[in-house]
Each structure stands twice: as structure tokens, then as C-alpha cells.
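If you want the building blocks of each chain, they are given just below.
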Amino acid sequence: MKALVRYSHHPKKIIIKDINFPKIGKSKKHAIVKVEYAGICGRDIEHYHSTLNRKKIPFVLGHEFSGKIHALPNRKSKFKIGDRVTCETVDKVCEKCFFCKGGLYNLCKKRKNIGGTINGAFASHIKVPIKYMHKLSDNILLEEAALIEPMCVCYNAIIINSNIKKNDLVTIIGTGTMGLISLKFAIYKKARVIVVGGPKDNLQLKIAKKNGAKKVFTSNQNYVKLINQYSKGRGSNLVIDTVGGVDKTIENAMEITSPKGQITKIGWFMKKSNVNFDKIIRKNISLQGSFSHNYDIWEKCINLLKTKKIFLRDLISKKTSINNWKKSFDLLQKRKAIKILLYSNE
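As the structure is a computational prediction, the values presented were derived from the model and not from experiment.

Things to note about the packing of aromatic side chains
For the structure on display, the rule yields eight aromatic pairs. Ring centres of Tyr48 and Trp325 lie 5.8 Å apart, and the angle between their planes is 75 degrees; on these two criteria the pair is classed as edge-to-face. Of this pair, Tyr48 sits in helix H1 (residues 42–48) while Trp325 sits in helix H11 (residues 325–333); the two residues are 277 residues apart in sequence, bridging distant segments of the chain. For Tyr48, a relative accessible area of 6% corresponds to the buried category.

What follows is the structure in C-alpha cells.
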């Protein structure tokens, strides 16, 4: 089968090539899923421009996906062939550490991820652990289900790891998929939300307004001043920083956050940071990191989609063949799309 493969540790070494069709073999713990849709993540693009560890190469990209079960091992299972499913990004964890035993296997130091070193979903079929598969109700579109993974990241950040109350002023920095899903959850919690995007984020900020943002600003404005004026000097109860790779957003977050407020950091720094965190101390701010998700979070997010309490369809800009991956990467980098879903022609 054809797949989108990172074939060298050097940057930009990605190609469509033939690989072996996945097999269950003797495993009683894996299934084969026919991929219907797989989303391009910002992390995929970051990796595209990065030098990777030689030991990780080669691998198929893609970790946000939905599909239908193609094959199962010969044993009793709550799943059956043809079931509509999605799957977590985790391929395996140690299952022995304190975090694994407590259900927080997303924090296991030995965790291995699909679409990282383990073959991912930018192909017609993928081998996945049954343990981390989730069945989808018929009223959840498969294209929307391909966004459940980033939805779970945001659920963990906003609902579980952030202290957010009705009418709180929440500022979200970044208008990628994470920023806009974070907005949806903040609105779900009945917060008043300000969104900060880039100067080219016309599409993204338009969707932010449609989803209920009270104010939208761009990063080329003095948004720190504007937000403090809007809040009458009190600042924002909670700031969600979804931007990766820069120091400026966390520096501005400390300026925006009210005394005794909270900053939740989702976006990775990606490199050594030179941020001065003294304002965290001076303003008695809580700085919270948030990473990944677990089984319970996936089930809660699937239920929110099933009961129509959260919608993700408006974030899907385009659906196209994996053969068009390069053009799709370019559109995302130019901020002309939010989420692009790839599918196989096979």
C-alpha cells in the first residue's frame, strides 16, 4: 500500500512510497483499521522542518484519524469488523509505573506513539492496539472524528487542568486547531473569551468570532495593552498559550494574567527558553502544563460529539488525497487553512 513516509532524519525528507500492508500476526492485542480520514497536525509540520533522531526513521506520519475495523484477532472482543472507530495516539506504555497504574499513562516515560516512531495513519490501513481504540456512534461523522485527538488534548488542558468558572475572562493565544478547540471548551464552560491570532489569521479569527469570542486581536497589535484596557486593569483570569516555538507568547501571558490567575501552556517551547518567570512569583500566578490525554478523556470527548454539545466540523478546511500532502502542508503554513484531512485513494 502507499503511505506518506519520513524516510530520512534530515529535514523535509518525506515521500509517498509503497510499504507492506500491516498484519496482526500472532498478536491478540492489535487490530487493523481502514483509515477514512487523517488530520495534518502542527506537530507533523514541525517534524517536517526538523532533524530527527536516526533511530526513529523510517515511519509513516499521521496520528489524528478515524476509520473502520478491517481485521481483528480470533478472540472475543467488544469490537467487530466494520465498526466505526478512532484510536488514541499511544502505541504502548510500560503499564508498571505509578502513572500507568493510576490511569495517567499519557505521562509514562516509556510511552511510544503512533505516527512518531510507530507507523501512523497517512496510509490506507494502520495497525493499532485494541486497548486504545474507541467505538463511534453513527451520528458522529468520520471526518469530525479525525479531530477527536486534538479535541482530547484541549479537554485535558481546559476542562481538567485549568481552573475556569462561569463569566471568567479567558484569553487564548493562538488560533490553530488547538486554540480554536480551546475556545469551544471555554465557551462551553460559559467563560468570556478573547482570542489572539497572527496577522494573517483572517480565516481563523473569523471562525473565532462565529464561535463566540468577545474580542479578537492580532499579534502585531499591542494586545497586552488592549486586553488590560478591556478588563479595566484586572487582567485575564486564565490565559491559554497554544503557541509553540516562541518566548513572546508566554511573556505576554504573564502580563495579561490577573494576580492569582492561571496560565495553561499547551504549545511546546521546542528549544531552550530565555523567559524571565519573575512575574509568576510577583503576581502569584499558577503556571500549568498540559500534555496529551487518556482513555477516560477520549470517552468524554466522544460523548460531547455524540450529544452535539461540541461541534468540530467548522474547523475542517479541506479533505484531499495523501498525494496532495505537500500542497496541504503549504496551505497550513501560510495560514490559509485550519485542519486539512488526508485520505488514501486505495
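Description of helix H5 (residues 177–188)
For an α-helix the count is 3.6 residues per turn, leaving residues at separations of three or four pointing the same way. Over its twelve residues, H5 runs 17 Å from end to end, which matches the ideal 16 Å to within 8%, given 1.5 Å per residue. The element H5 is extensively covered by neighbouring structure, given that nine of its twelve residues are classed as buried. Those residues of H5 lying buried are Thr177, Gly179, Leu180, Ile181, Ser182, Leu183, Lys184, Phe185 and Ala186.

Section: the sheet that holds strand E13 (residues 215–218)
Judged by pairing direction, the sheet is parallel, and its six strands sit side by side in the order E13-E12-E11-E14-E15-E16 without closing on themselves. The open sheet has two free edges, formed respectively by E13 and strand E16 (286–289), since each of these has just one partner strand. Here the strands of the sheet are splayed against their neighbours by 20 degrees on average, with no regard to which way each runs. Note: strand E12 (residues 192–197) against E13, four bridges, orientation parallel.

Details of the sheet that holds strand E4 (residues 59–60)
Spatially, the three strands line up as an open sheet ordered E2-E1-E4, and their pairing is antiparallel. This sheet does not close on itself; its edge strands, each paired only once, are strand E2 (14–18) and E4.

Digging into the pairing of strand E11 (residues 169–173)
The element E11 is largely enclosed, with a buried count of five among its five residues. Pairing analysis gives five bridges linking E11 to E12, with the strands arranged parallel. Within E12, the position partnered with Val170 by the bridge is Val193.

Calculation rules
- Residues numbered from 1 in each chain as written.
- Predicted model: local features only at pLDDT ≥ 70, side-chain atom pairs only at ≥ 80, totals over all residues.
- Heavy atoms only, no water.
- Phe/Tyr/Trp six-rings, centres within 6.5 Å; stacked < 30°, edge-to-face > 60°.
- Helix = DSSP H or I, 4+ residues; strand = E, 2+ residues; numbered from the N terminus.
- Buried < 20%, exposed > 50% of the residue type's maximum accessible area, 1.4 Å probe, protein only.
- Expected span 1.5 Å × (residues − 1).
- Pairing = 2+ DSSP bridges.
- Axes fitted to C-alpha atoms, helices over the stretch in contact; angles between N-to-C directions.

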